[in-house]
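# Examination of the molecular architecture
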Amino acid sequence: MSKFKKKANTKQEIPTSALPDIIFMLLFFFMVTTVMREVTINVKQRIPEATQLRKLQRKSLVSYIYIGEPKKASEFGSEPKIQINDAFADPKDIIQWVNEQKDELAENERDQLTIAMKVDEEAKRGLVSDVEIELRKANARKLLYTTLQSSED
Amino acid sequence: MAKRQREEPQINSSSMADIAFLLLIFFLVTTTIANDRGLSLQLPPNPEDIVDVDVKIPERNLFKILVNSSDNLLVEGEPLEDVSAIREMIKEFVLNEGKDPTSSDSPKEAIVSFKTDRGTSQEMFIKVLDEIQGAYYDMYADRIGVTNERWREIANDLSDPENKRLYDQGRGLKDGALEFPMNISIADPSKTN
């Protein structure tokens, strides 16, 4: 009788105490590999694909310009627009913005400021080149067209 | 009675996983995976600062690529369907070394001129630029006997002196001047549509 009782007392539960640790590991992975969204992107972004990608080394030297069709087409129309920081901008605002970005960097790094352009694949070249001309005027000549890795390669 | 006292006290930690999940999902939603990769480019100086010197570039040293507003290609005066054919054409053009009188004099003189229309889509622009840069990276990689992929890795990390040496060797850096520059001229799009 006593033997039988002991057997009945063994627990049937699966130990789950390691589960939080596993989740925390995932959490830390995501915290380390990702960055907080700094701006709300108000333009559509279908990033074009390419094969000959180069990587940016120093994030602190990078500033972003987003170009694409506004997400709220009813409010802003369906023509591609330029977004810098949180707001839509005109090409003429870019010089001032570049100078603000340069002021945030150390003096010896100002000429290394890289502009990453996230351009929707449907956007027209005309608008993009207007931005480029402004960047040339602002002397921010390092440029990166953000693309995705093409699956063909 | 004595048995009950020996039982180890336990804190119920089953909700811990749920809390961690909540945190995890918060991070998944509010963050982006860093994808700072793409085609790099150095823009020319401010157009107003350039002194207007009339440099005559011989026709033979120019490889002309034109794209119109319907994303149609015109390469060296001939319509072209397949974008990926550009890569081989550029390699042939740049490595001509003066053999073919209609092709470039030397890699140093060769210029790839890429002109688009204001109506050209960014997708087409990226595709063509990808092929042009690919052609140059292929040639650089060949010069130091590595693959294209390895070349780009080397070019991404120039803080390593060995990489810097290979990088300069591939581009033919001699006395501060490049023997094998990547001359890509991206013209301002034509105003007419």
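Predicted model only: the values in this text are computed from it and were never measured.

## Structural notes on the packing of aromatic side chains
A complete count under the given rule lists 12 aromatic pairs over all chains for this structure. Plain terms: the ring middles of Tyr145(A) and Phe125(B) are 5.3 Å apart, the flat faces sit at 75° to each other, and that makes the pair edge-to-face. Remark: Phe125(B) occurs in helix 4 (residues 122–143) and Tyr145(A) occurs in strand 8 (residues 142–146); the pair is interchain, linking two chains. The class for Tyr145(A) is buried, based on a relative accessible area of 1%.

## Overview of helix 2 (residues 19–33) of chain A
Spanning 15 residues, helix 2 of chain A covers 22 Å between terminal C-alpha atoms, matching the ideal 21 Å at 1.5 Å per step. The complete set of buried residues in helix 2 of chain A reads Pro20(A), Ile23(A), Leu27(A) and Phe30(A). Taken down its axis, helix 2 of chain A places every buried residue within 85° of arc, on the same side. Facing away from the buried side of helix 2 of chain A, by more than 90 degrees, are the exposed residues Met25(A) and Val32(A). The inward-facing, buried residues of helix 2 of chain A abut strand 1 (34–36) of chain A together with helix 2 (14–30) of chain B.

## Side note on the interface of chain B and chain A
If you look at the interface, chain B gives 53 residues, while chain A gives 53 residues. The largest contributions to the chain B side of the interface with chain A come from Asp36(B), Arg37(B) and Leu43(B), which together make up 14% of the buried area. If you look at where chain B meets chain A, you find 1 salt bridge. For the interface between chain B and chain A, the tally reads 23 residue pairs in polar contact (both at pLDDT 80 or more). Those elements that place two or more of their residues in the side of chain B that touches chain A are helix 2, strand 1 (31–33), strand 2 (37–42), strand 6 (111–117), helix 4, helix 5 (148–156) and strand 9 (184–190) of chain B. Among the elements that line the side of chain B that touches chain A, the one with the most residues is helix 2 of chain B, at 11 residues. A breakdown of the residues in the side of chain B that touches chain A according to their chemical character gives 25 nonpolar, 18 polar and 10 charged. The sheet contact formed by strand 8 of chain A and strand 2 of chain B spans 5 bridges and is antiparallel. Following the sheet pairing, Leu144(A) is matched in strand 2 of chain B by Ser40(B).

## Side note on the pattern of salt bridges
Tallied over the full model, the rule gives 16 salt bridges over all chains. Among the ionic pairs, Arg125(A) bridges to Glu132(A), the shortest N-O distance being 3.3 Å. Taken as a pair, Arg125(A) and Glu132(A) share a single burial class, namely buried. Across the pair Asp168(B) and Lys164(B) runs a salt bridge, and its minimum N-O distance is 3.4 Å. Taken together, the positions of Asp168(B) and Lys164(B), both in helix 6 (residues 161–171) and 4 residues apart, correspond to about one turn of that helix. Overall, Lys164(B) belongs to the partly exposed group, its relative accessible area being 34%. Linked by salt bridges that have partners in common, Arg87(B), Glu88(B), Lys91(B), Glu131(B) and Asp138(B) make up one network.

## Overview of helix 4 of chain B
All names here are of chain B. With 22 residues, helix 4 extends 31 Å between its outermost C-alpha atoms, agreeing within 8% with the 32 Å of an ideal straight helix rising 1.5 Å per residue. Counting buried residues in helix 4 gives 18 out of 22 residues, a clear majority hidden from the surface. Once helix 4 finishes, Gly-145 follows within two positions and takes phi at roughly 70°, a positive value.

## Observations concerning the confidence of the model for chain B
Predicted coordinates in regions of low pLDDT should not be interpreted in detail. All names here are of chain B. With 93% of its residues at a pLDDT of at least 70, chain B reaches an overall mean of 82. When the elements of chain B are averaged for pLDDT, helix 1 (residues 2–6) gives the smallest value, 58, and helix 4 the largest, 89. Across the interfaces of the predicted complex, the ipTM metric reaches 0.74, alongside a pTM of 0.77.

## As for the sheet that holds strand 3 (residues 54–55) of chain A
Strands sit in the order 3(A)-2(B)-8(A)-7(A)-4(A)-5(A)-6(A) across an open sheet of 7 strands; the sheet is mixed. Edge positions in the sheet fall to strand 3 and strand 6 (87–89) of chain A, since each of these pairs with one other strand and no more. Strands strand 4 (62–68), strand 5 (81–84) and strand 7 (114–119) of chain A of the sheet are contacted by helix 4 (residues 94–103) of chain A, whose axis makes an angle of about 155° with strand 4 of chain A.

Calculation notes
- Residues numbered from 1 in each chain as written.
- Chains lettered and ligands numbered in written order.
- Predicted model: local features only at pLDDT ≥ 70, side-chain atom pairs only at ≥ 80, totals over all residues.
- Heavy atoms only, no water.
- Phe/Tyr/Trp six-rings, centres within 6.5 Å; stacked < 30°, edge-to-face > 60°.
- Helix = DSSP H or I, 4+ residues; strand = E, 2+ residues; numbered from the N terminus.
- Buried < 20%, exposed > 50% of the residue type's maximum accessible area, 1.4 Å probe, protein only.
- Expected span 1.5 Å × (residues − 1).
- Arc of directions from axis to C-beta.
- Contact = heavy atoms within 4.5 Å.
- Buried area = accessible area lost by both parts, 1.4 Å probe.
- Salt bridge = Lys/Arg side-chain N within 4 Å of Asp/Glu carboxyl O.
- Polar contact = N/O pair within 3.5 Å; in protein donor to acceptor, adjacent residues only side chain to side chain.
- Nonpolar A, V, L, I, M, F, W, Y, C, P; charged D, E, K, R; others polar.
- Pairing = 2+ DSSP bridges.
- pLDDT = per-residue confidence, 0-100.
- Axes fitted to C-alpha atoms, helices over the stretch in contact; angles between N-to-C directions.

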